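Results of the structural survey
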Amino acid sequence: AESFSGCTSEMKSVIDIEGIMKILPHRYPFLLVDKVIHFEPGKRAIGTKNVSMNEPQFTGHFPDRPIMPGVLMIEAMAQ
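Being a predicted model, the structure only gives us computed values, none of them experimental.

1. A look at the overall build of the protein
From N to C terminus, the protein includes 3 helices and 2 strands. Along its sequence from the N terminus, the protein presents helices and strands in the succession α-α-β-β-α. Within the protein, the proportion of its 79 residues that are buried is 24%. Contacts in the protein between residues at least 24 apart in sequence constitute 32% of all its contacts with a sequence separation of at least 6. With the model as given, the accessible surface of the protein reaches about 6,000 Å², and the carbon-plus-sulfur share is 61%.

Following this line, the structure appears as structure tokens:
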């Protein structure tokens, strides 16, 4: 995951956060897409989410070994 994360930071956005916020009604902490790096209308989109340890879902899921809750992964895919 770390090596993949490093690869996405340099990718240019096709849709930036302002564009995403015009499309999706979600807002922090439930806006789970930071940028779209590939978009084919009616087919697919590839988006990224920068995750940090400060995010609220990590304080209780699991404190000694924080992981992204599965329900939030599914929500991110839906967005």
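Let's pick the thread back up.
2. A few points about a nonpolar patch on the surface
Among the surface-exposed residues, M73, I74 and M77 lie close enough to one another that they form a single nonpolar patch of about 360 Å² accessible area. Inspection of the secondary structure assignment puts M77 in helix α3 (residues 70-78).

3. So, the environment of I17
Within the element layout of this structure, I17 appears in helix α2 (residues 17-23). On the basis of relative accessibility, which here comes to 27%, the residue I17 falls in the partly exposed class. Not counting the four nearest positions on each side in its chain, I17 is found in contact with L31, V33 and D34.

4. What about the pairing of strand β2 (residues 44-48)?
Strand direction decides the pairing type here: strand β1 (residues 35-40) and β2, joined by 5 bridges, are antiparallel. Following the sheet pairing, K35 is matched in β2 by T48. What sits between β1 and β2 in their antiparallel hairpin is a turn of 3 residues, with G42 showing a positive phi close to 75°.

5. Re the pattern of salt bridges
Across all of its chains, the model carries 2 salt bridges by this definition. A salt bridge links E55 to K49, with the nearest nitrogen and oxygen atoms 3.7 Å apart.

6. Comments concerning the confidence of the model for the protein
Taken residue by residue, the protein gives an average pLDDT of 86. The fraction at 70 or more is 89%. Within the protein, helix α1 (residues 2-8) has the poorest average pLDDT of any element, 62, and α2 the best, 95.

7. What to know about the nonpolar core
Ranked by size, the top nonpolar core spans 6 residues in total: I15, I20, L24, L31, V33 and V36. Discounting chain neighbours no more than four positions away, the residues touching I20 are I15, L31, V33, D34, K35 and V36.

8. Brief notes about unusual backbone geometry
Among all residues save glycine, negative phi is the norm, and among peptide bonds the norm is trans. The omega torsion across Y28 and P29 is 10°, close enough to zero to call that bond cis. Within the secondary structure, P29 is located in the loop between α2 and β1.

Rules and cut-offs
- Residues numbered from 1 in each chain as written.
- Predicted model: local features only at pLDDT ≥ 70, side-chain atom pairs only at ≥ 80, totals over all residues.
- Heavy atoms only, no water.
- Helix = DSSP H or I, 4+ residues; strand = E, 2+ residues; numbered from the N terminus.
- Buried < 20%, exposed > 50% of the residue type's maximum accessible area, 1.4 Å probe, protein only.
- Contact = heavy atoms within 4.5 Å.
- Areas by Shrake-Rupley, 256 points an atom, 1.4 Å probe, with all protein chains shown as cover.
- Patch = residues over 30% accessible without salt bridge, like charges linked within 9 Å, V, L, I, M, F, W, Y side chains within 5 Å.
- Salt bridge = Lys/Arg side-chain N within 4 Å of Asp/Glu carboxyl O.
- Pairing = 2+ DSSP bridges.
- pLDDT = per-residue confidence, 0-100.
- Core = buried A, V, L, I, M, F, W, Y, C linked by side-chain atoms within 4.5 Å.

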